[in-house]
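# Descriptive analysis of the structure
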Amino acid sequence: MSAGRPAPPNLFNIGDSIGEGEAADGTIGAKRHGSVWSTGYDSGDIVYSLNERFETIDPTGFCENNAVRDAVFNHANSGAEMDDFADQAEEIIAAAATTPSGKVGKVAILLGGNDVCADSLEEMTPPDQFELLYRAGLDVLANSSVTQNAYIHVSSIPAIYWLWASMRGNDWCRLVAWPFVPCQNLLAKPENDCGVGGSHLDPDVIHPDDGLNCRRRKIFHARIRDVYNPILKRVLTEYKSDGRLPNAYYTDIFNYYFDDTLVNGGDCFHPSVAGHAALAGEQWCQSPWGRFDPSCGHPISLPWLPLLLLGE
């Protein structure tokens, strides 16, 4: 692999249950850190994580994550919301002291899923609060010499709608697993009451004959698209533009379609191992390193994967 630029000295992970690889192998509640898209280290799985890609680029200079070092590099916590961002940022600053460089080279951040998933649309984290909490975490990173010049990789919230669309025909998911998943503003009453002509495959448009549950799901989808993800991108652009986090960049994974092979069959909610492999590939190809990787095939041909490197 020709990366075109050197690997960072290390890679830290901030996130929620996706960042822990929860249920990736289909075991409900089980963590699978070795298969996480960012800091994963299991060479025996199909996930070519960002961590493993950097190790390929610089096997001696990059301090890779592994089973022994995982507590140093992966600070994701199942159930985490944006309210936990600042605390996780403080944790990685403290953990960096135990690494050879003493600094953070790159931080992968995927948060917000638990802010948008709630019992109802009304109980989603209010956008103004979401932004304040997001800024608080970015401020921790910007105000420390350990992290202020690190690559700050912020992922969009994925289009969670598609896991309902992909798994709604599975009796286990619909009847057994989903009632216990804390995302009822998407999953409650999971039968398809969208309009005729495949309206459930058109979440961006509410059709006249869409039922109430279909409308609720499409409103949920629209709020992620039109409210929460724009906050993530806009605020990060501000921190990059004014020099507080000069190496920050945003990756847009919202329009990536998660089919049933990319969602695990246990809780029918989190990415499977194959899902983490897909996340790793998509996010790598939108990174400053992926643009030099011939396997990414830039310019990206898929219409839903624009290169959104802020200022890069």
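Computed from a predicted structure; not experimentally measured.

## Remarks on the nonpolar core
Counting residues in hydrophobic clusters, the biggest one holds 92 residues, and the most contacted among them are Y134, I160 and F220. Of the residues forming this core, the biggest block, 9 residues, is contributed by helix α9 (residues 212-241). If we ignore the near neighbours within four places in the chain, the residues touching Y134 are M82, F85, V154, I231, L232, V235 and L236.

## A short note on the confidence of the model for the chain
Summarising the model, the chain shows a mean pLDDT of 94, and 94% of its residues fall at 70 or more. Overall, residues 299-312 carries pLDDT values under 50, and its contacts beyond four positions in sequence, including any with other chains, amount to 35 contacts.

## Points about the pattern of salt bridges
According to the stated counting rule, one finds 11 salt bridges in the structure shown. E238 is the salt-bridge partner of R135, the closest N and O atoms lying 2.8 Å from each other. With R135 in helix α5 (residues 127-142) and E238 in helix α9, this residue pair connects regions lying 103 residues apart in the sequence. According to the relative accessible area criterion, R135 is buried, its value standing at 18%.

## Quick look at the side chain of T99
One can find T99 in the loop between α3 (85-96) and β2 (106-110). Given the relative accessible area of 8%, T99 is considered buried.

## Focus: the sheet that holds strand β1 (residues 12-15)
Across the sheet, which stays open at both edges, the 4 strands sit in the order β1-β2-β3-β4 with parallel pairing between neighbours. Looking at strand neighbours, the two that pair on one side only are β1 and β4 (248-251), the edges of this open sheet. For this sheet, the mean inter-axis angle between neighbouring strands, taken without regard to orientation, is 20 degrees. Sheet topology note: the strand β3 (residues 151-155)/β4 ladder contains 4 bridges and is parallel. Bridging from a neighbouring strand, H153 pairs with Y249 of β4. Packed on one face of the sheet, α3 meets β1 and β2 and runs near 165 degrees to β1.

What counts, and at which threshold
- Residues numbered from 1 in each chain as written.
- Predicted model: local features only at pLDDT ≥ 70, side-chain atom pairs only at ≥ 80, totals over all residues.
- Heavy atoms only, no water.
- Core = buried A, V, L, I, M, F, W, Y, C linked by side-chain atoms within 4.5 Å.
- Buried < 20%, exposed > 50% of the residue type's maximum accessible area, 1.4 Å probe, protein only.
- Helix = DSSP H or I, 4+ residues; strand = E, 2+ residues; numbered from the N terminus.
- Contact = heavy atoms within 4.5 Å.
- pLDDT = per-residue confidence, 0-100.
- Salt bridge = Lys/Arg side-chain N within 4 Å of Asp/Glu carboxyl O.
- Pairing = 2+ DSSP bridges.
- Axes fitted to C-alpha atoms, helices over the stretch in contact; angles between N-to-C directions.

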